[in-house]
Amino acid sequence: IIRDLTPGTYIYKCGEEGMWSDEYRFEIKRVTEEDKITILLTSDQQGINQEEYEVWKKANDVINENETYDIHINAGDISNDGIEFAYQWRYYYEFAKKDLYTKPHMTTCGNNDLTRNTQDGKKTDPIAFGWYFNYENEYLPSCYSWNYGYIHFVSLNSNVLQAADIVEQQIPWLREDLSKPENQKRWTIVYMHESPYTIIKQQNMAKFIDIFAEFGVDLVLCGHHHRYSRSHRMGSQDENGNDTIDNENGTYYVMCQATGIKLIQLF
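Residues numbered from 1 in each chain as written. Predicted model: local features only at pLDDT ≥ 70, side-chain atom pairs only at ≥ 80, totals over all residues. Heavy atoms only, no water.

1. Here's the deal with the packing of helix H1 (residues 50-66) against helix H2 (residues 87-94)
Now for step 1: Interaxial distance between H1 and H2 falls to 9 Å at its minimum, and their mutual angle equals 30°. One way to sum up the angle between H1 and H2 is to call them roughly parallel. Handedness of the crossing formed by H1 with H2: right-handed. Residues Gln50, Tyr53 and Trp56 of H1 pack against Gln88, Tyr91 and Tyr92 of H2.
Now for step 2: A per-class count over the contact of H1 with H2 returns 4 nonpolar, 2 polar and no charged. (Axes fitted to C-alpha atoms, helices over the stretch in contact; angles between N-to-C directions. Helix = DSSP H or I, 4+ residues; strand = E, 2+ residues; numbered from the N terminus. Parallel < 35°, antiparallel > 145°, perpendicular 65-115°, else oblique. Left-handed = near helix turned anticlockwise from the far one by under 90°. Contact = heavy atoms within 4.5 Å. Nonpolar A, V, L, I, M, F, W, Y, C, P; charged D, E, K, R; others polar.)

2. As for the pattern of salt bridges
Pairs can form between side chains of opposite charge whenever their charged atoms are close.
Now for step 1: Under the criterion given, the structure shown has 8 salt bridges.
Now for step 2: For Arg3, the salt bridge goes to Glu136, with nearest N and O atoms at 2.8 Å. Here Arg3 is found in the segment before strand S1 (8-12), whereas its partner Glu136 is found in the loop between helix H4 (127-132) and strand S8 (144-148), with 133 residues between them in sequence. In this pair, the class of Arg3 matches that of Glu136, namely exposed. (Salt bridge = Lys/Arg side-chain N within 4 Å of Asp/Glu carboxyl O. Buried < 20%, exposed > 50% of the residue type's maximum accessible area, 1.4 Å probe, protein only.)

3. What about the sheet that holds strand S5 (residues 105-107)?
Now for step 1: Taken in spatial order, the 3 strands line up as S3-S4-S5 in an open sheet, and their pairing is parallel. Edge positions in the open sheet fall to strand S3 (39-42) and S5, since each of these has one partner strand only. Across the sheet, the mean angle separating the axes of adjacent strands is 20° when strand polarity is ignored. (Pairing = 2+ DSSP bridges.)

4. Overview of the packing of aromatic side chains
Now for step 1: All chains considered together, the criterion is met by 21 aromatic pairs.
Now for step 2: Judged by centre distance (4.8 Å) and plane angle (80°), the rings of Tyr197 and Tyr253 are edge-to-face. Here the residue Tyr197 occupies a position in the loop between strand S10 (187-191) and helix H6 (207-214), and Tyr253 occupies one in strand S13 (residues 252-255), the gap between them amounting to 56 residues.
Now for step 3: Residue Tyr197 is classed as buried on the basis of its relative accessible area, which comes to 8%.
Now for step 4: Judged by relative accessible area, Tyr253 falls into the buried class, the value being 2%.
Now for step 5: Three or more aromatic residues link up through ring pairs in this structure, and these residues are Trp56, Trp89, Tyr92, Tyr93, Phe129, Tyr132 and Phe133.
Now for step 6: One Lys or Arg, Arg186, reaches over the ring of Tyr150 and ends 4.0 Å from the middle of that ring. (Phe/Tyr/Trp six-rings, centres within 6.5 Å; stacked < 30°, edge-to-face > 60°. Lys NZ or Arg CZ within 6 Å of the ring centre and 35° of its normal.)

As far as function goes, none of this settles anything; it's purely spatial.
Right, here's the structure in full:
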């Protein structure tokens, strides 16, 4: 971990004598209220072999040839079988070189990134996600927050397969995080693999809805269903648990299409 870098462009390489990587550049910015922040959202690159991950490579190449952005957010399902096939993670990294070495890459754990629990053989263990991504203030695997300029970002863990009460476990932490003075930013963006509203209402995520409304979360980003969808500005639930729309202060829920072979398989 390198802290307190002054704004500017830095050159780095990794390795040891006789085994150095290529040199790469990254930029440290001090974002002002007037600066534009551009976010790339991808999700569900999952594949079972190199041929299927070639779709992710092509998508990433096209994105980097045609778009500029500051931050890459990945909404999960980076692998198809988290630990059983480690080469899937390697294909993901190998084919994303054009931005992974130079930009912040913030990820959340998808259901397919879970691995099999050694006790019962069920796919409920997030250990492999922790091997490939490490965030400083994780409350639970894939549950952490950070600030960039005038935006507060929160990653939540939506994997109820991991633990039946995974949503309940995160609520005290989420309330505390959104209440901190240093996290009171112009925008609050949450990202998670599954979210309360997509092409369906995800009932096991519903407990997040009122918290998002209470603390003024502006945008929730997700993946999982391999479709694009965007909600109305959703408010808190009424006393009967029904959905409400708040056109002035509500939360937008946006789901990204798959950025890999699952996009092609739709058709």
